[in-house]
Amino acid sequence: MTVSIALFTQDLRLHDNPVLHAARTTADQVVPLFVFDPAVGAAGFAAPNRLAFLADCLSDLDASLRRIGSRLTVRRGEPAEQTARVAAETGASAVHVAAGVTAFADRREQRLRAVFGERLHVHDASLTVVPPGRITPAGRDHYAVFTPYHRAWQQAPRRSVLPAPRALDTPAGVGSDSLVIEAAGGSLSPALPPGGETAARARWRRWDVDACTEVHDDLAADGTSRLSPYLHFGCLSPTELTAHAQRHEGAGAQDFVRQLAWRDFHHQVLAARPAAAHRDYRPRNDRWHEDDKEAEAWRRGRTGYPIIDAGMRQLAHEGWMHNRARLLTASFLAKSLHLDWRIGAAHFLALLVDGDVANNQLNWQWVAGTGTDTRPNRVLNPLRQADRFDPTGAYVRRWVPELAHLPGPSVHRPWLLDGDYPPPILPPEELTTRFRDGRP
Ligand SMILES: Cc1cc2nc3c(=O)[nH]c(=O)nc-3n(C[C@H](O)[C@H](O)[C@H](O)COP(=O)(O)OP(=O)(O)OC[C@H]3O[C@@H](n4cnc5c(N)ncnc54)[C@H](O)[C@@H]3O)c2cc1C
């Protein structure tokens, strides 16, 4: 009887899972294992919203595995050490794991390699559609500009979509720690989505991809897929989503696939430049403005600009924010207030249920003009953006109840009306000046 370990990381699903597929097609029995690594918390990455979502993901995965005759083993501790223990207990001769893109995932893989050597099998098309490094421009190890990347990405070969197993034989008597994840302190957003593959597939089935293009940037329509948390934890496979959307003819499906290409793009940048998680990808020697009160007003959704405040309050309430609102709130912090983008990125990571090192840090840098944006000096004007992407003011009225009585687009400029909404922390005529003065 041969035994292999499928070590789950950010691929918490049965459908289209290369790690699980390889583990079960190369051995008689499989131990599905998840190791809860305390170092994630120590690094400040275990935000309460994501831990709650992860707890859902693990119990859903366990329930799905039980339906096919298996179960999830959970252990707590250093992943290589814990995996070695499980291997010793079960006589497992191989370990399968998905390749990650962060420095953290890289260290985990190195430790696993030190323990298991050739018995470790790393699967690189699990977290992304096209593995980082698979397509590169001549003479470089990654693409720094999206458009040529996207062109090459569309032509790149894809692996086929793998079926979910119908049965899985697992050795008896493997002990598991509890699936329950202790609260890390800090409060949860009250309207978090449910985690797990079952919820993910239900959401995916309900969402209308054809409507995506018309309403993608319309803040009040809320027409994007909201699949990002499920993609972050791997409850859905981007390969399966892409293959499915590409069978669809419409512009909505193409638009959706393009968003998934953005995700791959940021992953390949981070895989090649792990330090970009914290350091400027393209240093511009910004002299950042420092003002704790302004940063706090931004975090609390009290900047006096209702469109910014609406986005920040959506984030606090749902642990999620519409993409257009992310662009506006990030630009307001990093360009208009000209505060260091890391302040904003840290706040997003503390709350976002889809909070992801590659997507968050690199999108922040894109907005701040220190990343891969080909127009690094652009500053988004929140008032013009509000008029364009929330023309009726409905998004603001949804998230800023103090202003719910104001009709139409007048809600975007409450300082022109009577009322006690806080005045703008930065006058409208100064929305671009700090950035221009602070960048040499
Ligand atoms: C400042 C800032 C921070 C961000 N932080 C994160 C983050 O931590 N995690 C995260 O997943 N996304 C992040 N994004 C990207 C984007 O805003 C979200 O992925 C998107 O809003 C999620 O909503 P959706 O699933 O409805 O997206 P859809 O429009 O339905 O797109 C489908 C999927 O494509 C991917 N995607 C879409 N846009 C982007 C993008 N610009 N970059 C990378 N992937 C993308 C996501 O996985 C998304 O679920 C950030 C964007 C900005 C501007």
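Here's what I pulled together on the structure shown here. (Residues numbered from 1 in each chain as written. Predicted model: local features only at pLDDT ≥ 70, side-chain atom pairs only at ≥ 80, totals over all residues. Heavy atoms only, no water.)

### Notes on the overall build of the protein
And then number 1: The helix and strand tally for the protein stands at 19 helices and 5 strands.
And then number 2: Here the C-alpha atoms of the protein give a radius of gyration of 23 Å, agreeing with the 22 Å that 2.2 N^0.38 yields for 440 residues.
And then number 3: Residue burial in the protein is summarised as follows: out of 440 residues, 55% are buried.
And then number 4: Taking the contacts inside the protein whose residues are at least 6 apart along the sequence as the reference set, 80% of them involve residues at least 24 apart.
And then number 5: Separation between the mean location of the 52 positive side-chain charges and that of the 50 negative ones in the protein comes to 3 Å. (Helix = DSSP H or I, 4+ residues; strand = E, 2+ residues; numbered from the N terminus. Rg over C-alpha atoms; globule rule 2.2 N^0.38 Å. Buried < 20%, exposed > 50% of the residue type's maximum accessible area, 1.4 Å probe, protein only. Contact = heavy atoms within 4.5 Å. Lys, Arg positive; Asp, Glu negative; His and termini not counted. Charge placed at Lys NZ, Arg CZ, Asp CG, Glu CD.)

### Focus on the environment of D309
And then number 1: Mapped onto the elements of the fold, D309 is located in helix α13 (residues 306-318).
And then number 2: For D309, a relative accessible area of 0% gives the class buried.
And then number 3: Measuring from C-alpha to C-alpha, the distance between D309 and V400 comes to 7.3 Å, with 91 residues separating the pair along the chain.
And then number 4: Setting aside anything within four residues of it in sequence, one finds D309 in contact with G301, R302, T303, G304, V400 and Y421.
And then number 5: Polar contacts involving the side chain of D309 include one to the main-chain amide nitrogen of G304, which spans 3.2 Å. (Polar contact = N/O pair within 3.5 Å; in protein donor to acceptor, adjacent residues only side chain to side chain.)

### Some points on the pattern of salt bridges
And then number 1: Tallied over the entire structure, the rule returns 19 salt bridges.
And then number 2: Ionic pairing is found between E240 and R201, a salt bridge with its closest N-O pair at 2.8 Å. With E240 in helix α10 (residues 238-246) and R201 in helix α7 (residues 197-206), the pair connects residues that are 39 residues apart, well separated along the chain.
And then number 3: E240 sits in the buried class, given a relative accessible area of 13%.
And then number 4: Between D280 and R342 there is a salt bridge, with its nearest N and O atoms 3.6 Å apart. On the criterion of sequence distance, the pair formed by D280 in the loop between α11 (251-272) and α12 (292-300) and R342 in helix α15 (residues 341-351) is long-range, its members being 62 residues apart.
And then number 5: Through salt bridges with shared partners, one network takes in D222, R226 and E318. (Salt bridge = Lys/Arg side-chain N within 4 Å of Asp/Glu carboxyl O.)

### So, the site of the ligand
And then number 1: Contacts to the ligand come from 28 residues, most closely from H216, T224, S225, R226 and N323.
And then number 2: One of the backbone N or O atoms of S228 is found 3.0 Å from an oxygen atom in the ligand.
And then number 3: A distance of 3.1 Å separates a nitrogen atom of the ligand from a polar atom in the side chain of N360.
And then number 4: For the ligand, whose accessible area on its own is 810 Å², the fraction buried by protein is 98%.
And then number 5: Assessed atom by atom at 2 Å from the grid points, the ligand resides in the largest pocket. (Near = heavy atom within 4 Å. Areas by Shrake-Rupley, 256 points an atom, 1.4 Å probe, with all protein chains shown as cover. 1 Å grid on protein atoms, 1.4 Å probe; cavity = no way out; pocket = protein on both sides within 12 Å on 5 of 7 lines; lining within 4 Å. Sits in = over half its atoms within 2 Å of the grid points.)

### Structural notes on unusual backbone geometry
And then number 1: Phi at D16 takes a positive value of approximately 45°, unusual for a residue other than glycine.
And then number 2: Structurally, D16 can be placed in the loop between β1 (3-8) and α1 (18-25).
And then number 3: On the basis of relative accessibility, which here comes to 0%, the residue D16 falls in the buried class.
And then number 4: At N285, a residue that is not glycine, the phi angle is positive and equals roughly 55°.
And then number 5: Structurally, N285 is set in the loop between α11 and α12.

### Section: the state of the cysteines
And then number 1: Following the criterion strictly, the structure yields 0 disulfides and no others.
And then number 2: With no disulfide of its own, C57 has C235 as its nearest cysteine by sulfur position, at a separation of 3.6 Å.
And then number 3: Of the residues examined, C235 reaches a relative accessible area of 0% and is grouped as buried. (Disulfide = S-S within 2.5 Å.)

### What to know about the packing of α13 against helix α14 (residues 323-336)
And then number 1: Interhelical geometry of α13 versus α14 gives an angle of 115° and a closest axis separation of 9 Å. The orientation of α13 relative to α14 falls into the category roughly perpendicular. The crossing of α13 and α14 is left-handed. Contacts between α13 and α14 involve I307, I308, G311 and M312 on the former and, on the latter, A325, L328, T329 and F332.
And then number 2: Here the residues of the contact of α13 with α14 sort into 6 nonpolar, 2 polar and no charged. (Axes fitted to C-alpha atoms, helices over the stretch in contact; angles between N-to-C directions. Parallel < 35°, antiparallel > 145°, perpendicular 65-115°, else oblique. Left-handed = near helix turned anticlockwise from the far one by under 90°. Nonpolar A, V, L, I, M, F, W, Y, C, P; charged D, E, K, R; others polar.)

### What to know about the layout of surface pockets
And then number 1: Taken as a whole, the largest pocket encloses approximately 1400 Å³ of empty space.
And then number 2: Every residue lining the largest pocket is counted, 50 residues in all, and those nearest its centre are H216, Q259, W262, N323 and N363.
And then number 3: Where the lining of the largest pocket is concerned, the elements lending two or more residues are α6 (146-155), α9 (228-232), α11, α14, α16 (357-368) and α17 (382-389).
And then number 4: Estimated volume of the second largest pocket: approximately 1200 Å³.
And then number 5: Surrounding the second largest pocket, 47 residues form its lining, V40, F45, T102, F104 and V357 being those nearest its centre.
And then number 6: Going through the elements one at a time, β1, β2 (29-36), α2 (38-42), α3 (48-67), α5 (103-116), α11, α15 and α16 are the ones with two or more residues in the lining of the second largest pocket. (Points joined across faces, edges and corners; volume = space filled by probe spheres on them.)

### Considerations on α3
And then number 1: Here α3 is 20 residues long and its end C-alpha atoms lie 29 Å apart, about the 28 Å a rise of 1.5 Å per residue gives.
And then number 2: Count one or two residues on from α3 and you reach G69, which has phi positive near 90°. (Expected span 1.5 Å × (residues − 1).)

### Notes on the side chain of Q268
And then number 1: The topology assignment puts Q268 in helix α11.
And then number 2: Within the local environment of Q268, its side chain forms a polar contact with the backbone oxygen of F265, the two atoms lying 3.1 Å apart.
And then number 3: When neighbours within four sequence positions are excluded, Q268 is seen to be in contact with P132, G133, H142, Y143 and Y149.

### Looking at the nonpolar core
And then number 1: Among the nonpolar cores identified, the biggest contains 63 residues, and L12 and L54 are the most heavily contacted of them.
And then number 2: Ranked by residue count, the leading element in this core is α11, at 8 residues.
And then number 3: Apart from residues lying up to four places away in sequence, L12 is in contact with F34, L54, C57, L58, L61, E197, F233, G234 and C235.
And then number 4: Core analysis: the second largest hydrophobic core is formed by 44 residues, A325, L327, W366 and A368 among them. (Core = buried A, V, L, I, M, F, W, Y, C linked by side-chain atoms within 4.5 Å.)

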